Amino acid sequence: PPKETLPFALRDQEARTARWEDYRGRVVALTFLYTSCVDLCPLVAAKMEQAHALLGDAAPEVAFLVITVDPERDTPEAIRAFSQKWGMLGKWDFLVGRAEELQPLWDAYWVGEIRQEALGEGPAPAEEGYLVEHTSPVHLIDRQGWGRVVYGSDFLAEDLAHDARLLL
């Protein structure tokens, strides 16, 4: 069944305030990533870029939205570099905030418990090598703000683009 979205007020990659209301009237493809991820996040980012391309002229009517799962390290510079690397610079909003602001969103959108783990021999997860364990569901939300479809990270870009067109 449709699921009502959770309101938020976060900052985008340009440090502007972004609220859920700003996206009303558009179909939204929402996911949860972090910029230094080496496995799942690049895969989801690439599929989001493919879906954006498949939408063609309809792409501006779909808001591609990412919320961080690594608020301490996803800086504006890191977000710009990640967005450019995956062809989404200027095509999505990558939102950040404090963990306390993000936790209700992580809970509401089935991201799971966020855990940071150090890789190899390092004194702390804050060092270069770390992973943030999380899930990356992609939620497709209609123009009225109701969640209509949830994809796993193994979704097909064609399916996302097709379903977004149906909601348009």
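Residues numbered from 1 in each chain as written. Predicted model: local features only at pLDDT ≥ 70, side-chain atom pairs only at ≥ 80, totals over all residues. Heavy atoms only, no water.

Novice: Looking at this model, I keep getting lost on the overall build of the chain. Mind explaining?
Specialist: Counting its regular elements, the chain contains four helices and ten strands. Along its sequence from the N terminus, the chain presents helices and strands in the succession β-β-β-β-α-β-α-β-α-β-β-β-β-α. In terms of overall size, the chain behaves like a compact globule, its C-alpha atoms giving a radius of gyration of 15 Å where 168 residues would be expected to give roughly 15 Å. Seen through its C-alpha atoms, the chain measures out along the principal axes to roughly 50 × 30 × 30 Å. The buried share of the chain, reckoned over its 168 residues, is 45%. Sequence separation of at least 24 residues holds for 72% of the intrachain contacts in the chain that already meet a minimum separation of 6. (Helix = DSSP H or I, 4+ residues; strand = E, 2+ residues; numbered from the N terminus. Rg over C-alpha atoms; globule rule 2.2 N^0.38 Å. Buried < 20%, exposed > 50% of the residue type's maximum accessible area, 1.4 Å probe, protein only. Contact = heavy atoms within 4.5 Å.)

Novice: When you look at unusual backbone geometry in this model, what are you seeing that I'm missing?
Specialist: Most peptide bonds take the trans configuration, and most residues that are not glycine carry a negative phi. In this model, Ala15 sits at a positive phi of 70°, which is unusual for a non-glycine residue. With a phi angle near 60°, Trp110 is a residue other than glycine that sits in the positive phi range. With respect to the secondary-structure elements, Trp110 resides in the loop between helix H3 (99-108) and strand E7 (115-118).

Novice: Could you clarify how one ought to interpret the confidence of the model for the chain in this entry?
Specialist: Low-pLDDT portions of the prediction should not be read for the details of their coordinates. Here the chain averages 90 in pLDDT, while 92% of its residues score no lower than 70. Confidence drops under a pLDDT of 50 for residues 121-127, and excluding neighbours within four residues, the segment shows six contacts in the predicted structure. (pLDDT = per-residue confidence, 0-100.)

Novice: Could you clarify how one ought to interpret the state of the cysteines in this entry?
Specialist: Chemically, a disulfide is nothing more than a covalent bond linking the sulfur atoms of two cysteines. Scanning all chains against the criterion turns up zero disulfides. With no disulfide partner, Cys37 has as its closest neighbouring cysteine sulfur the one in Cys41, 3.2 Å distant. Taking relative accessible area as the criterion, Cys41 reaches 0% and is therefore assigned buried. (Disulfide = S-S within 2.5 Å.)

Novice: Hey, could you run me through the environment of Arg115 in this one?
Specialist: Inspection of the secondary structure puts Arg115 in strand E7. In this structure Arg115 comes out as partly exposed when scored by relative accessible area, which is 37%. Put simply, Arg115 and Ala164 are 49 residues apart on the chain and 31 Å apart in space, counted from C-alpha to C-alpha. Among all residues touching Arg115, those that are not within four sequence positions of it are Leu131, Val132 and Glu133.

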